[in-house]
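# Examination of the molecular architecture
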Amino acid sequence: TGGLLTYATLRVELLDLSPVARSVVLDTMSNGVLVLDRHAAVIDSNPQARRLLGGDGRVAVGRPVTELLADGGEPFERLAENVPPDAEYGLELDVDGRVLDVRVTPLRDVRGHPIGAVLVMHDITERERQRQALRRQRERLEQFASVVSHDLRNPLNVAMGGVAIAREDCDSDHLDLVEDAHDRMASILEETLVLAREGGSLDEGG
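Summary of the structure given here. Note that the structure is a prediction, hence the values are computed from the model and not measured.

### Regarding the overall build of the protein
A count of helical and extended segments in the protein gives six helices and five strands. Along the protein, helices and strands appear, N-terminal first, in the series α-α-β-β-α-α-β-β-β-α-α. When the 206 residues of the protein are sorted by exposure, 32% land in the buried category. Long-range contacts, defined here as pairs at least 24 residues apart, represent 43% of the contacts in the protein between residues at least 6 apart. Accessible surface, the protein as shown: approximately 12600 Å² in total, 52% of it carbon and sulfur.

Here is the structure:
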């Protein structure tokens, strides 16, 4: 998207199109678009970018990118250090509780020299929340697996050892049944640990 916008800006003179054409191209895009000059100052934006960054005032034309947050914004200071960029790159920005995936593409003149940048922003807040929730769930499962391994495996090992000792004193079919039960318990325990640590589902027929 960034490369397409750069091409449109330079080759088709996108910023000089009529307001109606510009509205169709930029204003209806689902992603936020911000255009910066060589000094990392805003020279254009679309409504989605203004919404993601907190309103029209923050992204007024001529305003430095470092002022796009109310407190100055350390992430935008790092961004400004790389404008104009030598090559396309990506980064994530935290803006007022939102997580934005940003693609920064060089804006070049007719000789190919970087003169600014096109930023295409996508709100990935929900995706990040889901990823963090999955990470917390995995941590809980790993903790569960650790408890199961310690609190159940050790007593089971003791019980299996007791059967081995009992066989030295007597030979009984009952001991075979107990040993089979222990083996089944060990198998269930191992499958539970695999499920907790790696996810997936157990074989219902197992």
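### Re the pairing of strand β5 (residues 114-123)
Two strands pair when backbone bridges link them, and strand β1 (residues 32-37) and β5 are joined in this way by six bridges, in the antiparallel orientation. Bridge pairing links Gly32 to Met121 in β5. Relative to β5, strand β4 (residues 98-108) is paired through nine bridges, and the arrangement is antiparallel. The partner of Arg103 across the bridge, within β5, is Val120. Between β4 and β5, which pair antiparallel one after the other, the connecting turn spans five residues, and Gly112 there sits at a positive phi close to 85°.

### Some remarks on the nonpolar core
With 23 residues, the main nonpolar core has Leu34, Leu53 and Leu79 as its most contacted residues. Contributing elements (two or more residues each) for this core: β1, α3 (47-53), α4 (74-80), β3 (89-95), β4 and β5. Broken down by element, this core gets its largest block of residues, four residues, from β3. Among the nonpolar cores identified, the runner-up in size contains five residues, and Val33, Leu107, Val118 and Val120 belong to it.

### Looking at the pattern of salt bridges
Enumeration according to the criterion identifies five salt bridges in this entry. Asp123 serves as the salt-bridge partner of Arg98, at 3.8 Å between the closest nitrogen and oxygen. With Arg98 in strand β4 and Asp123 in strand β5, the pair connects residues that are 25 residues apart, well separated along the chain. Of the residues examined, Asp123 reaches a relative accessible area of 28% and is grouped as partly exposed.

### Considerations on unusual backbone geometry
For the bond from Val83 to Pro84, the omega torsion is 0°, close enough to zero to count as cis. You can see Pro84 is positioned in the loop between α4 and β3. Residue Ala40 is not a glycine yet carries a positive backbone phi of 65°. On the secondary structure map, Ala40 appears in the loop between β1 and β2 (42-45). On the accessibility criterion, Ala40 (5% relative accessible area) is buried.

### So, the sheet that holds β4
The five strands lie next to each other as β2-β1-β5-β4-β3, forming an open sheet whose pairing is antiparallel. The sheet is open, and its two edges are formed by β2 and β3, each paired on a single side. The average undirected angle you get between the axes of adjacent strands in this sheet is 25°. Contacting β3, β4 and β5, helix α5 (residues 125-169) crosses the sheet at an angle of about 130° to β4.

The rules behind these values
- Residues numbered from 1 in each chain as written.
- Predicted model: local features only at pLDDT ≥ 70, side-chain atom pairs only at ≥ 80, totals over all residues.
- Heavy atoms only, no water.
- Helix = DSSP H or I, 4+ residues; strand = E, 2+ residues; numbered from the N terminus.
- Buried < 20%, exposed > 50% of the residue type's maximum accessible area, 1.4 Å probe, protein only.
- Contact = heavy atoms within 4.5 Å.
- Areas by Shrake-Rupley, 256 points an atom, 1.4 Å probe, with all protein chains shown as cover.
- Pairing = 2+ DSSP bridges.
- Core = buried A, V, L, I, M, F, W, Y, C linked by side-chain atoms within 4.5 Å.
- Salt bridge = Lys/Arg side-chain N within 4 Å of Asp/Glu carboxyl O.
- Axes fitted to C-alpha atoms, helices over the stretch in contact; angles between N-to-C directions.

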